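Residues per chain are reported as follows:
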Amino acid sequence: MLQGSLILAVALAYLGLLFAVAYYGDRRADAGRSIISTPYVYALSLAVYCTAWTFYGSVGRAASTGLDFLTIYLGPTILAPLWWLIVRKMIRISKQQRITSIADFVASRYGKSAVLGGTVTVVAVVGIVPYIALQLKAISTSFTVASAYPNAAALTSAGGGAVPLVADTALYVALLLALFTVLFGARHLDATERHEGMVAAIALESLVKLVAFLAVGLFVTFGLYEGFGDLFSSAAERADLQALLTLEPSASVFGEWVWLTLLSMLAILFLPRQFQVAVIENVNEQHLKKGIWLFPLYLILINLFVLPIALAGMMYFPDGTVEADMFVLALPLESGQPVLALLVFIGGLSAATAMVIVATTALATMVCNDLVMPVLLRTKALRLQERTRLTGLLLGIRRSSIVGVLLLSFAYARLVEGHYTLVSIGLISFAAVAQFAPAILGGLYWRRGTHAGALWGLLAGFLVWGYTLPLPSLAEAGLLSPTFVEMGPWGWALLRPHALFGLEGLSPVAHGLFWSLLINGGLYVGLSFKTQPTAVEHSQARAFVDALPVSSRAAVWRGQASVTELRQLLQRFLGYRAATQALERFAESQGINTTEPGWEDAVPANAHLMHHAEQLLAGAIGSASAHVVVSSVVNAEPLSLAEVMEILDETQQMMAHSRELQRKKHALEEATQRLQAANAQLQELDRLKDDFISTVTHELRTPLTSIRAFSEIMHDNPDLSAEQRQEFLEVIIKEEERLTRLINQVLDLQKLEAEPMRLQVEPLSLRTIVNEAVQAMSQQMENASVVCTVQPPGPGPGTVEGDRDRLKQVLLNLLSNAFKFCDDTDGRIFVTLRGRANEVQVDVADNGPGIDREARASIFERFQQARPRARAGASGSGLGLTIAQRIILEHDGDIWVSSPPGEGATFSFTVPRAQASTPTDDPGPLGDGASATPDTAGSAGSPITSSDS
Amino acid sequence: MATYVLIVDDEPSIAMSLEFIMEKQGYETQVVGDGAEALQRIEKAPPDVVLLDVMLPTYDGFEVCRRIREREEWADLKVLMVTAKGREEDVKRGLALGANGYVTKPFAIKDVVAKVEGLLT
C-alpha cells in the first residue's frame, strides 16, 4: 500500500529529473558537445518501442494467450540486420533532403506532395491516438492500483469508466504530459527537428524501465519462487496454465505468428516515434551498427521475465481480482514490497511517458508541417507568404498540436475504456502505420513508384484498416450495433469486418492487416504502372533510390554475360589495350591462367567484372550510357524511365557542351581567318617592300653603270678628242642628275607614306600653277621641239583650296610624263582647265602611243612602266605618278588616266573649290595607296621598258 | 672578217659606253634598244657576240636569249647577259636559257672585254 501523494511526489520528481537531463542535453547540443552521440544512447532511445504495453501488457497477453506476445519482439529482432540497408538509407535520405518526419519523408519521395504528406499525417494521428490513449490509461490505472491496492473497489473502478471527468486521473496525466512534451519537444524550434535533450531523457527512461522490469522479474522468480524451475513446475501443476506453456502446432497458430511478426517488422520501421528516434534524431549512421545488436538484446532482456511474472500472477490472483495487465505492479504490492512497487510504477511511467513524449512530438511536427502549415500558407487571406518571421506562429501550432493530440487521446481513452487490453489497441495502431509500408519500401527501392500509386494505395489501405479493425472495436465497446460485426452491414455477409469476402480463420488483426496491405500494395503497384511520374517525382525517385553510394551497384548485376562479350564492349569503347588490361587484371584476381587459349569463353563474368567494366565505360561515355551498354550484354531488365531520363540528361549536357565547343570553334576559325588575312597583308607588304627595293636598286644601277663606264673610258683613254670627252662628261653629269632625282623622289615617297601629308592649304588659282609648271619645263621642251598649249586662253576657272607647292609638283610630274611619251618627232602636249560648280579639272594630254587598258589600271603604282619610252634619254624614277596621285587624293580630289585608241594618253585630276573641303584634317587614304592594287605592282617578268615621269 | 658585236640595251648612255669599248677592241658594233628589234637584226646579219640587257621593251633579255637558242643555225652565236639584276636566280635563269656568260651592272671595262674575248677564242 502506497500513499497517493508519495507516488505523485516521486513521479513528479522523476519527471523533473528527466526534464533536467533533457535541458542539460539541449545545452550540450547547443554548445556542440553532444551527450547522445554514442551508439549506446542511440540503442536505448530505440527502446522507446517498448511502451507501457510491453511493461504491463506483455504480461497480460502472456497470461491470456501464452507465448504469442513474443511476436511483437521477434519481428524487430529478425529485421534488425536489415536495418543497415533500410534504416541507413532512410537516414541518408533524410539528411540529404532535410526530412523532418515520416509524413515529410513520404511526401518528399513522391514529388514533395502536400496532399500525400497530409494524408500520412491523418493516418498517423488516427492510428496513434488510441495508442497514446492506452499509455494514459496505463499510467492512470497503475497509479490507481499502486495507491488503492488492495482496495478491490478501487481496482474494479480502475477498469470501469464511471469516474466523473474531473476525477479521472487520466485527464491530469494527459495535461501533465502535454506540459512535459511541450517542454521536451517544442520548447524552441530547430530547423533539423532534432531534440537531443529529449533523446537523452528517453534513453534514461529506457534504462529505468528495463531495470524496473528486471528487478520485479528477479524478485518474482527468485523471491517468490526458487528460480525458474520451481516457478514453471508450480505452474505446470495447474491445468489452466498448461496451455500458456505450450505451442499449439496448428496452421492457424503458425499463421498468426507469421502475421504478427510481419506486423511488428513494419511497425518498428514506420511508427512515427521509431522514425523520429531512429532516423530524424540519428547523429551518426555508424551508431546503427551497434543498435542492430544492442536493441534486440534489450528486447530479449525485457521479455525474459514476462512469462514467469504472468504465471506467478495467475497463481497469486487466480480469482481474477487483479487484471493480468497489472500483475507486474500487483505482485510486489501483494508481497509487501512497496519500494519495489514504486520502482515498478516509475518503470511503467517511464515506458508510457517516453512513448507519449516522442510520439506526440513526432505527430505534432507532422500536424504542424504537413497538415496545418500547408493549408495556412495556401490561405491567401492570411498573407503568410509575406511574413518574414513565422517562428512564433509555428511554435504556437506545434504546442497546440501537442495539447490537441493528448486531449484527443484522453477522449479516446474515456470512450473505449475497459473494453480493450493494452495489447489489442497497440496492434491496431501497428496495423495503421503498416499502411506506410508499400509507399516507403517501394519508394526506397523502386523508381517506378508514383504519387498516385502511393496516395490511393495509402487511402484505400487506411479505409480497409478502419473498417476491419477500429470499427468493430467500437461495436464491441457498445457504440455500434454488434450485429454489424456479426452479420455485416445490411446483412451482407461478404462485408463482415472480421471476415471480409468470406476470409475466416484469422484473428481480427491478421485479417485486417492482410486485406489492408493487399489492397494498399496492389493499388500502389497497379497505379504506379498506370500513371506517369512528374519531373519532380523523377528527380526525387532518383534521389531516394540512389541514396546509398554506387559501390552497392556491383550487386545490381545479376544477369549472365560472357567475358568475351564484355571484351568486345570494352574494346569498342576503350580500345584493345585497355580492354586486355582490364580482363587480365580480372583473370589474375580469379586465379585464371590467361595463357590458356579460349579462357574468355569458358569463364562467366562475375558481378565485380561487370561493375568494373561499367566503371571503365562510364569514364568514356558517361555513367548512364555505360549502365545501358553493359545491360545490353547482361540480359538485364529493360530500361526504366528514370534511366532513359538519365541518359537524356547526359546527352543534353553533352549536346550543350558540344554546342559551346562549336561556338568556340567558330570564333577560333574567325580569328584564324583574320590572322591569315593580316598575315597575307603583311606578306604582301613585305613582297612590295622587296619589289620596291629591288626596283630602286635597279634604277640606281643604271645611271651608276653609265657613270662608271664613262669615267673608266676617260681614265683609260687619255687620247680622247675634246668633243668626245665633252660628250662623255655630259652623259656623266646627266646620269648623276638622274641619280639625284631618283633619290629625292624615293625620299619624297617615303615621307608621304610615313606620315600624314601636311598641306599648306590656301586659296589659289590653278591657272597660275599650270603656267608656272609649264614655264619650268619650257626650256627642256623647246630643246626637244615639243609644243605645249594651255587651254582655254585667258583668265582661269577661279580658285581652289590647296597646297601650292604640292599641286605644282603634280603638274610637273604629269608634264614631264607627257613630255617623255609624246610623239618623237612632232611632240605635242595640251593642258586644259575646266571650272565646274564645286571643283576644277585639269587635263594633261600627249600625242604619244597611248596606254592600253591593262596598263592603265596600275599606272599609278610605284615603278609601273606601262609603255615603251618614246623619247630617248628621257628617264624617271617610276614614282612620279604615284606621288601625284597621293597629293591629289590628299586634296580630296580625283586623278585618272584615259587613252582612247590612237589618241595618246590624257591624265586628268580635279581639285575641289575653296569652300568644298578642309583637306588638312582628313588623314585620307594615304597609307592605303601602296597596297590598293598590289597585284600589279612591279610584277616580276613583265617587260619593264622605262620609267615614267 | 672582223668580229661583229650586237649591243642590246635600252639605256642610251650604257649602250653608248659599250659601243665605245667594243669598237676600241676593234670589233664591229650595232646598237638596238628593243628585244624584237634585236632579233630582226640577228636575222639579217648574225653577230658573233650579243651583249644582252635583261630589261628591254617588247621582248626582255631572257626571251631574246630563248629565241636565239631555238635556232640551230645560231648555235655558234655567243650570248653575254649584261644585267643590273645581279641576283642569283637571274644569272641561273640566263645560263639555263643558253647564255654563254654574264656581267653585272655596273661593270668594269676590262671585265667585259675579258669575257667577250673569252667567248671568241
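### Quick notes on the overall build of chain A
In terms of regular secondary structure, chain A is built from 37 helices and seven strands. When each of the 949 residues of chain A is scored for burial, the buried share is 46%. Sequence separation of 24 or more characterises 82% of the internal contacts of chain A that already satisfy a separation of 6 or more.

### Quick notes on the overall build of chain B
Along chain B, the regular secondary structure elements total five helices and five strands. Along chain B, from the amino end to the carboxyl end, the secondary structure elements read β-α-β-α-β-α-β-α-β-α. Evaluated residue by residue, chain B yields a buried proportion of 42% over its 121 residues. In chain B, the share of contacts with a sequence separation of at least 24, taken over all contacts with a separation of at least 6, comes to 57%.

### A short note on the packing of helix α27 (residues 563-574) of chain A against helix α28 (residues 576-590) of chain A
All names here are of chain A. With their axes 7 Å apart at the nearest point, α27 and α28 run at an angle of 145° to one another. As for how α27 packs across α28, the hand of that crossing is right-handed. Across the interface between the two elements, Val563, Arg567, Leu570, Gln571 and Leu574 from α27 touch Tyr576, Ala578, Ala579, Ala582 and Leu583 from α28. Residues belonging to the contact of α27 with α28 are distributed by class as follows: eight nonpolar, one polar and one charged.

### Quick look at the sheet that holds strand β5 (residues 839-846) of chain A
Residues and elements named next belong to chain A. Taken in spatial order, the five strands line up as β2-β4-β5-β7-β6 in an open sheet, and their pairing is mixed. This sheet does not close on itself; its edge strands, each paired only once, are β2 (787-791) and β6 (894-898). Neighbour-to-neighbour, the strand axes of the sheet open up by a mean angle of 15°, direction not taken into account. Bridge count for β5 against strand β7 (residues 906-912) is seven bridges, and the pairing is antiparallel. Its bridge partner lying in β7, Val840 is registered against Val911.

### Observations concerning the interface of chain A and chain B
Taken together, the contact between chain A and chain B spans 20 residues of the former and 20 residues of the latter. Counting residues per element, the ones that place at least two in the side of chain A that touches chain B are α32 (641-716) and α33 (722-754) of chain A. A class-by-class count of the residues in the side of chain A that touches chain B yields nine nonpolar, six polar and five charged.

### Quick notes on the sheet that holds strand β2 (residues 28-32) of chain B
Residue and element names in this part refer to chain B. Strand order in the open sheet made by the five strands is β2-β1-β3-β4-β5, with parallel pairing throughout. A single partner strand is all that each edge strand has here, and the edge strands are β2 and β5 (101-104). Across the sheet, the mean angle separating the axes of adjacent strands is 20° when strand polarity is ignored. Inspection of the sheet shows strand β1 (residues 4-8) paired to strand β3 (residues 49-53) by four bridges, in the parallel sense. Residue pairing for β3: Val5 is matched across the bridge by Val49.

### Re the environment of Ala103(A)
Residues and elements named next belong to chain A. Along the chain, the position of Ala103 falls in helix α6 (residues 102-109). Distance from Ala103 to Leu116, taken between C-alpha atoms, is 7.7 Å for residues 13 residues apart in sequence. Excluding anything up to four places from it in sequence, Ala103 contacts Gly117, Val120, Thr121, Ala124, Met366 and Asp370.

### Observations concerning the pairing of β6(A)
Residues and elements named next belong to chain A. Of the two faces of β6, the one holding Ile895 and Val897 is buried and the one holding Asp894, Trp896 and Ser898 is not buried anywhere. Judged from the five bridges that link them, β6 and β7 form a sheet pairing that is antiparallel. From the neighbouring strand, Trp896 faces β7, where its bridge partner is Ser908.

### Observations regarding the confidence of the model for chain B
Residues and elements named next belong to chain B. Per-residue confidence for chain B gives a mean pLDDT of 89; residues scoring 70 or more make up 97%. The weakest mean pLDDT in chain B belongs to helix α4 (residues 88-96) at 82; the strongest belongs to β1 at 94. Taken over the whole predicted complex, pTM reads 0.54, whereas the ipTM for its chain interfaces reads 0.91.

### Here's the deal with the packing of helix α5 (residues 83-97) of chain A against helix α14 (residues 272-280) of chain A
Residue and element names in this part refer to chain A. With their axes 9 Å apart at the nearest point, α5 and α14 run at an angle of 75° to one another. Classed by the angle they form, the pair α5 and α14 counts as roughly perpendicular. Between α5 and α14, the residues in contact are Val87, Met90, Ile91 and Ser94 and Ala278, Val279 and Ile280, respectively. Its residues assigned to classes, the contact of α5 with α14 shows six nonpolar, one polar and no charged.

### Remarks on the environment of Leu889(A)
Residues and elements named next belong to chain A. Secondary-structure assignment places Leu889 in helix α37 (residues 880-890). Leu889 gets classed as buried once you count the C-beta atoms within 10 Å, which come to 21. When the C-alpha atoms of Leu889 and Val911 are compared, they prove to be 9.0 Å apart, with 22 residues separating the residues in sequence.

### Here we look at the nonpolar core
Residues and elements named next belong to chain A. Judged by nonpolar contacts, the single largest core of 189 residues is most densely connected at Val106 and Phe270. Top element by residues in this core is helix α18 (residues 338-378). It accounts for 24 residues. Apart from the residues lying within four places of it in its own chain, the contact partners of Phe270 are Ile102, Phe275, Val433, Ala434, Phe436, Ala437 and Ile440. One finds Ile769, Ala845, Ala905 and Val911 within the second-largest nonpolar core, a separate group that totals 40 residues.

### Structural notes on unusual backbone geometry
All names here are of chain A. In this structure, Pro792 follows Gln791 across a cis peptide bond, with omega equal to -15°. By the secondary structure assignment, Pro792 is in the loop between β2 and β3 (799-803). In this structure, Ser785 takes a positive phi of about 60° despite not being glycine. For Ser785, a count of 9 C-beta atoms within 10 Å translates into the label exposed. Even without glycine at this site, Asp892 takes up a positive phi of about 65°. Position of Asp892 relative to the elements: it lies in the loop between α37 and β6.

### Quick word on the pairing of β2(B)
All names here are of chain B. Looking at chain direction, β1 and β2 are connected through five bridges and run parallel. Looking at β2, one finds that Val8 is bridged to Val32. Between the parallel pair β1 and β2, the chain is carried across by helix α1 (residues 12-24), and the sense of this crossover is right-handed.

### Structural notes on helix α5 (residues 109-120) of chain B
Under the 1.5 Å per step criterion, the end-to-end length of α5(B) is 17 Å for twelve residues, consistent within 8% with the ideal 16 Å. The elements touched by buried residues of α5(B) are β1, α1, β3, β4 (78-83) and β5 of chain B.

### Some thoughts on the environment of Phe184(A)
Residue and element names in this part refer to chain A. Relative to the helices and strands, Phe184 is located in helix α9 (residues 169-185). Separated by 166 residues in the primary sequence, Phe184 and Leu18 place their C-alpha atoms 9.3 Å from one another. With residues up to four places along the chain from it excluded, the contact list for Phe184 reads Ala22, His195, Gly197, Met198, Ala201, Ile357 and Thr361.

### Considerations on the confidence of the model for chain A
All names here are of chain A. Confidence in the prediction of chain A, expressed as mean pLDDT, is 79, and 81% of residues score 70 or more. Counting interchain partners and residues more than four positions distant, the pLDDT-below-50 stretch residues 550-556 has five contacts. Low pLDDT, under 50, characterises residues 867-874; the predicted model gives this stretch 25 contacts beyond four residues in sequence or across chains.

Each value, and the rule that gives it
- Residues numbered from 1 in each chain as written.
- Chains lettered and ligands numbered in written order.
- Predicted model: local features only at pLDDT ≥ 70, side-chain atom pairs only at ≥ 80, totals over all residues.
- Helix = DSSP H or I, 4+ residues; strand = E, 2+ residues; numbered from the N terminus.
- Buried ≥ 20, exposed ≤ 12 C-beta atoms within 10 Å, placed from the backbone.
- Contact = placed C-beta atoms within 7 Å.
- Axes fitted to C-alpha atoms, helices over the stretch in contact; angles between N-to-C directions.
- Left-handed = near helix turned anticlockwise from the far one by under 90°.
- Nonpolar A, V, L, I, M, F, W, Y, C, P; charged D, E, K, R; others polar.
- Pairing = 2+ DSSP bridges.
- pLDDT = per-residue confidence, 0-100.
- Parallel < 35°, antiparallel > 145°, perpendicular 65-115°, else oblique.
- Core = buried A, V, L, I, M, F, W, Y, C linked by C-beta atoms within 7 Å.
- Right-handed = clockwise from strand over helix to strand, strands pointing away.
- Expected span 1.5 Å × (residues − 1).

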